[in-house]
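Breakdown of the fold
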Amino acid sequence: MNQVLGLVGWPCAGKDVAAEYLVARYAAVWWGHSNFIRDLAREQGNLSPTTSDLSAIFEARAAHAGHGWIARIVAGRVRSIPLVVVTGVRNLAEVEIYRELDGFSLVRLEADRALRFGRWRDRSRPSDGPRTWEQFDAIEALDGNRNVPDVLKLVDVTIENNGSIEDFHSALVALLTA
């Protein structure tokens, strides 16, 4: 049976870190929603999009393709893959599409806000711009994140990511073996 894990959480909750670990340990296939949007940005000539740019690009495409446009692409690719990780699930249309897949679980990654801010401040994405609380607040308030609270209400399981990386990895292993 396939396992398709849709990871949802606020910025810097650990979605990409979880996906990287599952790829390395279990040879999972990882599709990140933001990668699809970055590809669109490149096609438009924006080689270094900010988080705000990515949100605007997603919304522009969603205006004519619907908010589930990335999920429809991914869903068409996962049918025969044993373990798939999808990062950046952020709206109800995406959840509806993914719920149609056998083996789908919506997984909330939760981390304290101050810890997430520290991770965001420390990571190396120049496009994030100045690393202030005001900028972090602005990123959380982007259109692309406005539906996250509604999506978080639909999760199948929550993994806390406030401890060590080893604890986080153990929680991911437990999720796969449950």
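Conventions and cut-offs
- Residues numbered from 1 in each chain as written.
- Predicted model: local features only at pLDDT ≥ 70, side-chain atom pairs only at ≥ 80, totals over all residues.
- Heavy atoms only, no water.
- Pairing = 2+ DSSP bridges.
- Helix = DSSP H or I, 4+ residues; strand = E, 2+ residues; numbered from the N terminus.
- Phe/Tyr/Trp six-rings, centres within 6.5 Å; stacked < 30°, edge-to-face > 60°.
- Buried < 20%, exposed > 50% of the residue type's maximum accessible area, 1.4 Å probe, protein only.
- Lys NZ or Arg CZ within 6 Å of the ring centre and 35° of its normal.
- 1 Å grid on protein atoms, 1.4 Å probe; cavity = no way out; pocket = protein on both sides within 12 Å on 5 of 7 lines; lining within 4 Å.
- Points joined across faces, edges and corners; volume = space filled by probe spheres on them.
- Nonpolar A, V, L, I, M, F, W, Y, C, P; charged D, E, K, R; others polar.
- Contact = heavy atoms within 4.5 Å.
- Axes fitted to C-alpha atoms, helices over the stretch in contact; angles between N-to-C directions.
- Left-handed = near helix turned anticlockwise from the far one by under 90°.

On a regular strand, each side chain points to the face opposite its neighbour's, so the side chains alternate between the two faces of the sheet. Looking at chain direction, strand 1 (residues 3–8) and strand 4 (residues 104–110) are connected through five bridges and run parallel. Paired with Leu 7 across the two strands is Val 107, which belongs to strand 4. In terms of strand pairing, strand 4 meets strand 5 (residues 157–160) through four bridges, oriented parallel. Within strand 5, the residue paired with Leu 109 across the bridge is Ile 159.

Now for the packing of aromatic side chains. Geometry of an aromatic ring pair is reported as the spacing of the ring centres plus the angle between the planes. Scanning the model with the defined rule gives seven aromatic pairs in all. Ring centres 5.8 Å apart and planes at 40° place the aromatic pair Phe 117 and Trp 120 in the tilted group. Here Phe 117 and its partner Trp 120 are both found in helix 6 (residues 113–122), three residues apart, which amounts to about one turn of the helix. Of the two residues examined, Phe 117 and Trp 120, each falls in the buried class. Aromatic pair Phe 117 and Trp 133: ring centres 4.1 Å apart, planes at 10°, arrangement stacked. Here the residue Phe 117 occupies a position in helix 6, and Trp 133 occupies one in helix 7 (residues 133–140), the gap between them amounting to 16 residues. Classification of Phe 117 by relative accessible area gives buried; the value is 7%. Classification of Trp 133 by relative accessible area gives partly exposed; the value is 35%. Linked through ring pairs, Phe 117, Trp 120, Trp 133 and Phe 136 together constitute an aromatic cluster. The residue whose ring lies beneath Arg 61 is Trp 69, and the NZ or CZ to ring-centre distance is 5.2 Å.

With that settled, consider empty space enclosed by the protein. Tallied over the full model, the rule gives one cavity of 30 Å³ or more. Taken as a whole, the largest cavity spans an internal volume of roughly 40 Å³. Residues belonging to the lining of the largest cavity are distributed by class as follows: one nonpolar, four polar and four charged.

Time to look at the environment of Pro 11. Counting through the fold element by element, Pro 11 comes out in the loop between strand 1 and helix 1 (15–26). For Pro 11, a relative accessible area of 11% corresponds to the buried category. Measuring from C-alpha to C-alpha, the distance between Pro 11 and Leu 109 comes to 10.0 Å, with 98 residues separating the pair along the chain. Once you skip the residues sitting within four places of it in the chain, Pro 11 turns out to touch Arg 116, Phe 136, Ile 139, Glu 140 and Asn 145.

Moving on to helix 6. Of all the positions in helix 6, only Arg 116, Phe 117, Gly 118 and Trp 120 are classed as buried. Along its buried surface, helix 6 packs onto helix 7.

A few words on the sheet that holds strand 2 (residues 29–32). Ordered by their spatial adjacency, five strands build an open sheet running 2-3-1-4-5, and the pairing between neighbours is parallel. Looking at which strands have only one partner, the edges of the open sheet turn out to be strand 2 and strand 5. With direction set aside, neighbouring strand axes in the sheet form an average angle of 25°. Here five bridges tie strand 1 to strand 3 (residues 83–87), and the two strands are oriented parallel to one another. When the sheet's bridge partners are listed, Gln 3 is paired in strand 3 with Leu 83. Packing of helix 1 onto the sheet brings it into contact with strand 1, strand 2, strand 3 and strand 4, and relative to strand 3 it is tilted by some 165°.

Before going further, it helps to examine the packing of helix 1 against helix 9 (residues 165–177). Two elements in contact, helix 1 and helix 9, have axes whose closest approach is 11 Å; the angle formed by their N-to-C orientations is 65°. Our pair here, helix 1 against helix 9, has a crossing hand that is right-handed. Between helix 1 and helix 9, the residues in contact are Val 17, Ala 18, Tyr 21, Leu 22, Arg 25 and Tyr 26 and Ile 165, Phe 168, His 169, Leu 172, Val 173 and Leu 176, respectively.

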